[in-house]
Amino acid sequence: MEIPKDCNDYNLPEMYLNELYLLLKRTTDLCHEHNIQYWIDGGTLLGCVRERGQIPYDNDTDLGMLQDDYTKFRNICEPILKKEFNYFIKESNPGSGFLKILSAVCGLQHTEDENDIISPCLDIIVYHNFNGIISIKDRLTRHMYSKFRFLENNLFPLKKDYIYSDLVLYGAINPYPYLERCYGDWNKRIYELKEYDH
């Protein structure tokens, strides 16, 4: 396939991409250290399957967790990330189970308005098992991201063989039904689709 000359117009600056990598590495390293189960989600799952790393124009990274692991993460890992790396961490709406971990290392800024975040960030979304369907726990968030769900046997048992640069991360045992539902023709990049959908 020939890459269009204008594809780099979509790409983020290298410093931004490096900070996304560090956010993901530091967060997943802590999860591994403290036996907190997570899986790569959204555009991060797509990037690992299609690009073997970060999609160069996706401005965040995404992890999913079940409630018990999320609670453990907030109690153990969140204080470490704040103290050691000076990350700004906030839940979109208190109790929503949609956590944003933001970095200002790139000299970029964020505001309290969730729609005005321009810093590299990592999203953690809490999922729940609804009769064999693993979907987003919070009703409002679930409505906004209605395609983000897995059949239990497509997600579990998680496999640790997703490559993201030099990281090896946990993800769905069978990601393809999820990717097809969320992104349609997921093997094509945005400059082929002429629209933003990863």
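Notes on the structure in this doc start here. (Residues numbered from 1 in each chain as written. Predicted model: local features only at pLDDT ≥ 70, side-chain atom pairs only at ≥ 80, totals over all residues. Heavy atoms only, no water.)

### What to know about the pattern of salt bridges
Think of it this way: side chains of opposite charge can pair up when their charged atoms draw near.
Logical step 1: In the structure shown here, the tally under the stated rule is six salt bridges.
Logical step 2: Across the pair glutamate 51 and arginine 50 runs a salt bridge, and its minimum N-O distance is 2.8 Å.
Logical step 3: We classify glutamate 51 as partly exposed; its relative accessible area is 23%.
Logical step 4: Arginine 50 gets classed as buried once you look at its relative accessible area, which sits at 16%.
Logical step 5: Across the pair lysine 82 and glutamate 78 runs a salt bridge, and its minimum N-O distance is 3.3 Å. Here glutamate 78 and lysine 82 lie together in helix H3 (residues 67-85), a separation of four residues that amounts to about one turn. (Salt bridge = Lys/Arg side-chain N within 4 Å of Asp/Glu carboxyl O. Buried < 20%, exposed > 50% of the residue type's maximum accessible area, 1.4 Å probe, protein only. Helix = DSSP H or I, 4+ residues; strand = E, 2+ residues; numbered from the N terminus.)

### A word on the packing of helix H2 (residues 42-50) against helix H6 (residues 176-183)
The description of two packed helices rests on the angle between their axes and on the distance between the axes.
Logical step 1: At a minimum axis separation of 11 Å, H2 and H6 run at an interaxial angle of 120°. Considering only the axes of H2 and H6, their crossing is left-handed. Contacts from Gly42, Gly43, Leu45, Leu46 and Val49 in H2 reach Tyr176, Tyr178, Leu179 and Tyr183 in H6. (Axes fitted to C-alpha atoms, helices over the stretch in contact; angles between N-to-C directions. Left-handed = near helix turned anticlockwise from the far one by under 90°. Contact = heavy atoms within 4.5 Å.)

### Some points on the packing of aromatic side chains
Logical step 1: Tallied over the full model, the rule gives 12 aromatic pairs.
Logical step 2: Judged by centre distance (5.9 Å) and plane angle (35°), the ring pair of phenylalanine 98 and tyrosine 145 falls under tilted. With phenylalanine 98 in strand S4 (residues 98-102) and tyrosine 145 in the loop between helix H4 (139-144) and strand S7 (149-151), the pair connects residues that are 47 residues apart, well separated along the chain.
Logical step 3: In this structure phenylalanine 98 comes out as buried when scored by relative accessible area, which is 4%.
Logical step 4: Its relative accessible area of 27% is what places tyrosine 145 among the partly exposed residues.
Logical step 5: Each member of the aromatic cluster is reached from another via a ring pair, and the members are Trp39, Phe98, Tyr127, Tyr145, Phe148, Phe150, Phe156 and Tyr178. (Phe/Tyr/Trp six-rings, centres within 6.5 Å; stacked < 30°, edge-to-face > 60°.)

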